[in-house]
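Report on the structure
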Amino acid sequence: MTDSHTSPAAPAAGWKFDNSYTRLPETLFTRIMPTRVRDPKLVVLNQPLAAALGLNAEALASLEGVETLAGNNIPAGAEPLAQAYAGHQFGYFNRLGDGRAVLLGEQLTPEGERFDIQYKGSGRTPYSRGGDGRAGLGPMLREYIISEAMHGLGIPTTRSLAVVLTGEEIVRESLETGAIMTRVAASHLRVGTFQFAAQWGTGDELRELADYALERHYDGIGDANDKDGENKYLRLLNEVVARQARLIAQWQLVGFVHGVMNTDNMTISGETIDYGPCAFMDTFDPATVFSSIDAQGRYAYGNQPYIGAWNLARLAEALLPLLHEDEEQALALAQQALAGFTEQYHGHWLAGMRAKLGLFGEEAEDEALMSELLGQMKEHAADYTNTFRALTLGQLEGVSMNGTAEFAEWLGKWRVRQARHQEGGSEDSGQDAVPASQQLMRRSNQNVIPRNHRVEEALSAAQQGDFGVMERLLAALADPYAYSAEQEAYTQPAKAGERPYRTFCGT
Ligand code: AMP
Ligand code: MG
């Protein structure tokens, strides 16, 4: 299928839509067109992602392509809609929905995969409540940068295909440049989508939604009751628990603070979604909070696993009627599934931290070794990423606790532990042989993160029409494990005066 507005001269964009969401019960969405915008201009286009989606980047960057990315053109085959959902926001249950987003449809890729294509900032919908349905350039570029950084880190995430200017100003604290981001996701099903169906849909509608989620993300997982007599909706819950346990462990290991882990911002697919007040931690401290509206620290770095479990309990509640017809038995099944979260999370974190320290094998004392290091890092306000980077490179001069007796002792224990299990010796037999443990550390400790001052620098340049700063940052973040010369400049933490850093809910 090609773009209906493509002129003969331009290559076809390559859109190939299905709209399975429109076949779900009507309570779950509203069909709606994006609002036209005045003067679309392309700011950034994700060429590798376009190619992976089977889209022609040149066509997307053409005048007509940009009209499409702004929502002024709808590609043939797309049936746009806004999704309904609910959510616990900072603990309080609200009826929500896509208030400033429109799902264009699902792009079927040449690989046979299916991805949601969604405009963010594309105008008001029936779910806008008081909002204007719009988004500013800064927050959209911020989502673009951080989500692509997460992708580079190998962490499941929604992606960003493009950001365009709308040619209109939006009213926030001051006037801001309006923008629309095209978000790509395995799906936009959220814990909150199930909460919505459980609260305002019928039992059948909830079941249809659950079947849809199973089909879309978990290969349908068998018949209503599989051979072990395990209910497939329990399987769904277990699978989401498993993916979120893995995801949140990955966040913790790279020092990512999501910032607004409301249940509407937690996916069923296990992808990271909704980059609002998120940021990467620089100085290691479990109490790290960036969001200006999170005064209580509900979504602090160290709380993320607990909030993950809390959110999954909300999913379990929504699924209760499907788990068992007997309420008490349903509750028991749900509790069992939820109990698996902590154990799985911990297992992933432990395995990841062993890799970060270049440890092969498993020893009972490993966890104590890790807590000792983290304890010293906290005490000496060590930079999280750069401490592991320094250990990886064996360059300890910059480590804040270097020179202390405790750290010297820790290093001794660590080296002895590392040497006790070496896997396969060196991966290279030449003179430049790098020990397997160091190889493992290079694969497991990112050299760069999108540091807050660097992101801000890129965003302010972009506000002035200079997108080069952002492109260089994006290039450095594309493969954070490369340890390349170009990345060197991006490894510097912010100066003391540029902290503490505050983020805002990017609306
Ligand atoms: P978020 O904080 O981005 O997760 O958004 C929470 C809810 O507010 C979602 O339902 C959004 O669709 C909605 N929302 C956020 N910003 C706007 C806006 N500018 N206009 C309308 N709805 C919005
Ligand atoms: Mg959200």
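Further up the page is the structure itself.
Here's what I pulled together on the structure shown here. (Residues numbered from 1 in each chain as written. Chains lettered and ligands numbered in written order. Predicted model: local features only at pLDDT ≥ 70, side-chain atom pairs only at ≥ 80, totals over all residues. Heavy atoms only, no water.)

Observations regarding the packing of helix α7 (residues 232-254) against helix α9 (residues 327-356)
Test applied: Simply put, an axis is a line fit to the C-alpha atoms, just over the touching stretch for a helix, and the angle between two N-to-C directions goes from 0 to 180 degrees. Strands here mean DSSP runs of E at least two residues long; helices mean DSSP runs of H or I at least four residues long; both are numbered from the N terminus. Orientation labels follow simple angle bins: below 35 degrees gives roughly parallel, above 145 gives roughly antiparallel, 65 to 115 gives roughly perpendicular, and whatever is left gives oblique. Crossing handedness is defined as follows: a turn of the near helix away from the far one that is anticlockwise and smaller than a right angle gives a left-handed crossing, while the clockwise case is right-handed. Should any heavy atoms of two residues lie within 4.5 Å, those residues are counted as being in contact. When residues are sorted by character, Ala, Val, Leu, Ile, Met, Phe, Trp, Tyr, Cys and Pro go into the nonpolar class, Asp, Glu, Lys and Arg into the charged class, and all the rest, Gly among them, into the polar class.
Look at α7 against α9: their axes get within 8 Å of each other, and the N-to-C directions meet at 30°. One element, α7, and the other, α9, form an angle in the roughly parallel class. Crossing of α7 against α9: the hand is right-handed. Taking contact as the criterion, the partners of Leu234, Leu237, Asn238, Val241, Ala242, Gln244, Ala245, Arg246, Ile248, Ala249, Gln252 and Leu253 in α7 are, on α9, Leu333, Ala334, Ala337, Gly340, Phe341, Gln344, Tyr345, His348, Trp349, Gly352, Met353 and Lys356. Class assignment of the residues belonging to the contact of α7 with α9 gives a composition of 15 nonpolar, seven polar and two charged.

What to know about the site of ligand 1
Condition: A cutoff of 4 Å decides nearness: a residue is near a molecule or strand if any of its heavy atoms lies inside that distance of it. Definition of a polar contact: a pair of N or O atoms within 3.5 Å, with one able to donate and the other able to accept a hydrogen when the atoms are protein atoms, and with sequence-neighbouring residues admitted only if both atoms are side-chain atoms. Here the bounds of each domain stem from an automatic or database domain assignment.
In the neighbourhood of ligand 1, 18 residues make up the surrounding shell, with Gly97, Gly99, Asp132, Gly133 and Asp274 lying closest. Glycine 133 is positioned such that a nitrogen or oxygen atom in its backbone is 2.8 Å from a nitrogen atom of ligand 1. Within the side chain of asparagine 265, a nitrogen or oxygen atom sits 3.2 Å from an oxygen atom of ligand 1. Tallied by class, residues from the shell around ligand 1 come to two nonpolar, eight polar and eight charged. When residues are assigned to domains, the shell around ligand 1 turns out to be shared by domain 1 (10-188) and domain 2 (192-354), each giving three or more.

With respect to the environment of glutamate 406
Among the structural elements, glutamate 406 can be located in helix α12 (residues 405-420). Residues glutamate 406 and glutamine 376, 30 residues apart in the sequence, show an inter-C-alpha distance of 8.0 Å.

Structural notes on the side chain of aspartate 116
For the record, the criterion: Only protein chains enter the area calculation, which uses a 1.4 Å probe; residues under 20% of their type maximum are buried, those over 50% are exposed, and those in between are partly exposed.
Among the secondary structure elements, aspartate 116 is positioned in strand β8 (residues 114-120). Overall, aspartate 116 belongs to the buried group, its relative accessible area being 1%. At 2.8 Å, the side chain of aspartate 116 and the side chain of histidine 188 are in polar contact. Within the structure, the side chain of aspartate 116 is placed 2.7 Å from the side chain of arginine 216, a separation counted as a polar contact.

Some remarks on the side chain of aspartate 383
Examined against the element boundaries, aspartate 383 turns out to sit in the loop between α10 (366-379) and α11 (384-393). The contact partners of aspartate 383, leaving out residues within four places of it in the chain, are Asp282, Thr283, Met377, Arg451 and Pro493.

Observations regarding helix α6 (residues 203-217)
Selection rule: A helix is expected to span 1.5 Å multiplied by its residue count minus one.
Look at α6: 21 Å from first C-alpha to last across 15 residues, which is about the 21 Å you get at 1.5 Å a residue. Those residues of α6 that sit buried are Glu205, Leu206, Leu209, Ala210, Tyr212, Ala213, Leu214, Arg216 and His217. Looking at the buried positions of α6, the neighbouring elements they touch are β7 (101-108), β8, α5 (191-200), α7 and α8 (304-323). Of the residues trailing α6, aspartate 219 is marked for its positive phi of about 50°.

Some details on the nonpolar core
Counted only if it meets this: Working definition of a nonpolar core: buried Ala, Val, Leu, Ile, Met, Phe, Trp, Tyr and Cys residues. They are joined through side-chain atoms within 4.5 Å.
Among the nonpolar cores identified, the biggest contains 146 residues, and Tyr21, Leu161, Val163, Phe194, Leu236, Ile268 and Leu391 are the most heavily contacted of them. Here this core gets 13 residues from one element, more than from any other, and that element is α7. In contact with isoleucine 268, not counting residues within four places along its chain, are Leu189, Arg190, Val191, Phe194, Ala213, His217, Tyr218, Leu236, Val240 and Leu315.

A word on the packing of aromatic side chains
For clarity, the threshold we go by: Note on ring pairs: Phe, Tyr and Trp rings are taken, using the six-membered ring of Trp, and paired if centres are within 6.5 Å. Classes follow the plane angle, with under 30 degrees stacked, over 60 edge-to-face and the rest tilted.
Applying the stated criterion across every chain, the model contains 15 aromatic pairs. An angle of 15° between the planes, with centres 5.8 Å apart, marks the rings of phenylalanine 93 and tryptophan 200 as stacked. Taken as a pair, phenylalanine 93 in strand β6 (residues 92-95) and tryptophan 200 in helix α5 lie far apart in primary sequence, 107 residues in all. In this structure tryptophan 200 comes out as partly exposed when scored by relative accessible area, which is 32%. Plain terms: the ring middles of phenylalanine 407 and tryptophan 410 are 6.0 Å apart, the flat faces sit at 5° to each other, and that makes the pair stacked. Linking phenylalanine 407 with tryptophan 410, this pair stays in helix α12, spanning three residues, or about one helical turn. Here phenylalanine 407 and tryptophan 410 have matching classes, each one buried. Members of the aromatic cluster, connected to one another through ring pairs, are Trp251, Phe256, Tyr275 and Phe280.

On their own, these measurements won't tell you what the molecule is for.
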